[in-house]
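# Observations on the three-dimensional arrangement
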Amino acid sequence: MNPLRPAILAAAASPRMKRVLTGTKVTADIVRRFVPGESRAELAPVVRALLDSGRLISVDYLGENTTDRARAEATVAEYLSLINELAAADMAVGSDGAAVPVEVSVKLSALGQALPGDGPAIATDNLRVVCTKAAEAGVWVTVDAEDHTTTDATLATVRELRPEFPWLGAVLQSYLHRTLDDCAEFAGPGSRIRLCKGAYREPATVAYQRNVEVTDSYLRCLETLMRGTGYPMVATHDPALVLAAERMVAETGRGTGTFEHQMLYGVRDAEQLRLAAAGHAMRVYVPYGDDWYGYLTRRLAERPANLRFFLRALVGR
Ligand code: FDA
């Protein structure tokens, strides 16, 4: 984990910093590396090109921490239109037993989880609407993991909806102390778990702080998922973990259609293509929309080189 990450994420949370960063041309250039478009029209050719290159996709409509019910409903409406467009463009053709090419990723805090009172129930109802449309269109849905204060509510929503939508996936973060237990719970038949390291600023009371601890936890969690009967989604760009996944697949005798690799749009493109060419299911997480600030700052905080490039450009050197 980048040692500067907590400081970067803390600074990025300040409204003043947000005003400064969102107003610059430099930011717009960097955003484009990680977020290919603000609208569905800008997204469409990117999605097409990724699918044509043999990769699978998971599309995320950017937005989080909504405290406005109308905004949560607008997000649901956007997901319904997105799923319609993906299906209409014939991008969502699933096949028996193999990975469905098109998935959408959803943050429950964008669907109303943070609304006062019955936020988690509102988010669950909203997710049900999205999943119903996705089921009609043959698209998968995976629920993103946000900061640790939301984990219980998010997993409760996933547990509630999985009987209706058995392909509903969830993200687990290896930096959380609790995640090995969560992996054990979700390693059963049909369960789709996207395992990532985790991208938020978390206290030492709930999360490992050192790189080596996060990586060791990832290995233990992945082993649990690989030895289970679910469908692990190996979401990392870390070469050591990609290799470890291949080793575990061989050791557990899993076939190629029983797990997938996942990476973010704009990160390690050549490695994505290599894995796809080697016959692996390789899914790219593609965010779009104009609410990109939180997503961008997490990408900058992950890697000092991104931040140095950004700061140099900002001061014009
Ligand atoms: P690590 O950070 O060690 O990176 C390994 C190597 O990958 C780096 O050395 C570099 O080469 C490259 N790399 C990684 N990040 C980069 C970046 N931003 N820019 C350029 N190069 C980079 N997190 C979360 O909390 N909730 C979630 O729901 C998700 N969802 C999600 C989906 C998918 C498909 C992925 C791949 C990741 C997430 N994440 C996430 C983010 C995740 O938690 C983590 O922060 C990043 O993947 C970075 O961790 P790595 O495992 O890649 O290792």
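In this report, we go over the structure that sits alongside the text. Here the structure is a predicted model, which means the values were calculated and not measured.

## With respect to the nonpolar core
Ranked by internal contacts, the top residues of the largest apolar core, which has 62 residues, are Val104, Leu127, Val141 and Leu168. Filtering out sequence-adjacent residues up to four positions away, Leu168 remains in contact with Leu127, Cys131, Val141, Val143, Val158, Leu161, Arg162 and Arg192. The next biggest cluster of nonpolar side chains, apart from the first, holds 18 residues, and it includes Ala12, Phe34, Trp292 and Ala301.

## Things to note about the pairing of strand β5 (residues 192–196)
Among the five residues of β5, five are classified as buried, and the element is accordingly described as predominantly covered. Of the two faces of β5, both are covered, the one formed by Arg192, Arg194 and Cys196 as well as the one formed by Ile193 and Leu195. As judged from the five bridges shared by strand β4 (residues 169–173) and β5, these two strands associate in the parallel manner. Each residue of the ladder has a partner; that of Leu172, found in β5, is Leu195. Each parallel crossover has a hand, and the one from β4 via helix α8 (residues 179–185) to β5 is right-handed. One ladder, built from four bridges, connects β5 with strand β6 (residues 231–235); its direction is parallel. Along β6, the bridge assignment pairs Ile193 with Pro232. For the handedness criterion, the β-α-β arrangement of β5, helix α9 (residues 211–227) and β6 is classed as right-handed.

## Focus on the packing of aromatic side chains
Counted under the stated rule, the structure contains five aromatic pairs. Here Phe165 and Trp167 contribute two aromatic rings whose centre-to-centre distance is 5.6 Å and whose plane-to-plane angle is 55°, an arrangement assigned as tilted. With a centroid separation of 6.3 Å and 10° between ring planes, the pair formed by Tyr285 and Tyr295 is classed as stacked. Of this pair, Tyr285 sits in strand β8 (residues 282–288) while Tyr295 sits in helix α12 (residues 293–302); the two residues are ten residues apart in sequence, bridging distant segments of the chain. Here Tyr285 and Tyr295 have matching classes, each one buried. These aromatic residues form a ring-pair network of at least three members: Tyr61, Tyr79 and Tyr288. Directly above the aromatic system of Tyr295 lies the positively charged group of Arg299, at a separation of 4.5 Å from the ring centroid.

## A closer look at the environment of Thr215
Along the chain, Thr215 falls in helix α9. According to the relative accessible area criterion, Thr215 is buried, its value standing at 19%. Spatially, the C-alpha atom of Thr215 lies 10.0 Å from that of Cys196, the residues being 19 residues apart in sequence. Excluding its chain neighbours within four sequence positions, the residues that come into contact with Thr215 are Lys197, Asp238 and Leu241.

Rules and cut-offs
- Residues numbered from 1 in each chain as written.
- Predicted model: local features only at pLDDT ≥ 70, side-chain atom pairs only at ≥ 80, totals over all residues.
- Heavy atoms only, no water.
- Core = buried A, V, L, I, M, F, W, Y, C linked by side-chain atoms within 4.5 Å.
- Buried < 20%, exposed > 50% of the residue type's maximum accessible area, 1.4 Å probe, protein only.
- Contact = heavy atoms within 4.5 Å.
- Helix = DSSP H or I, 4+ residues; strand = E, 2+ residues; numbered from the N terminus.
- Pairing = 2+ DSSP bridges.
- Right-handed = clockwise from strand over helix to strand, strands pointing away.
- Phe/Tyr/Trp six-rings, centres within 6.5 Å; stacked < 30°, edge-to-face > 60°.
- Lys NZ or Arg CZ within 6 Å of the ring centre and 35° of its normal.

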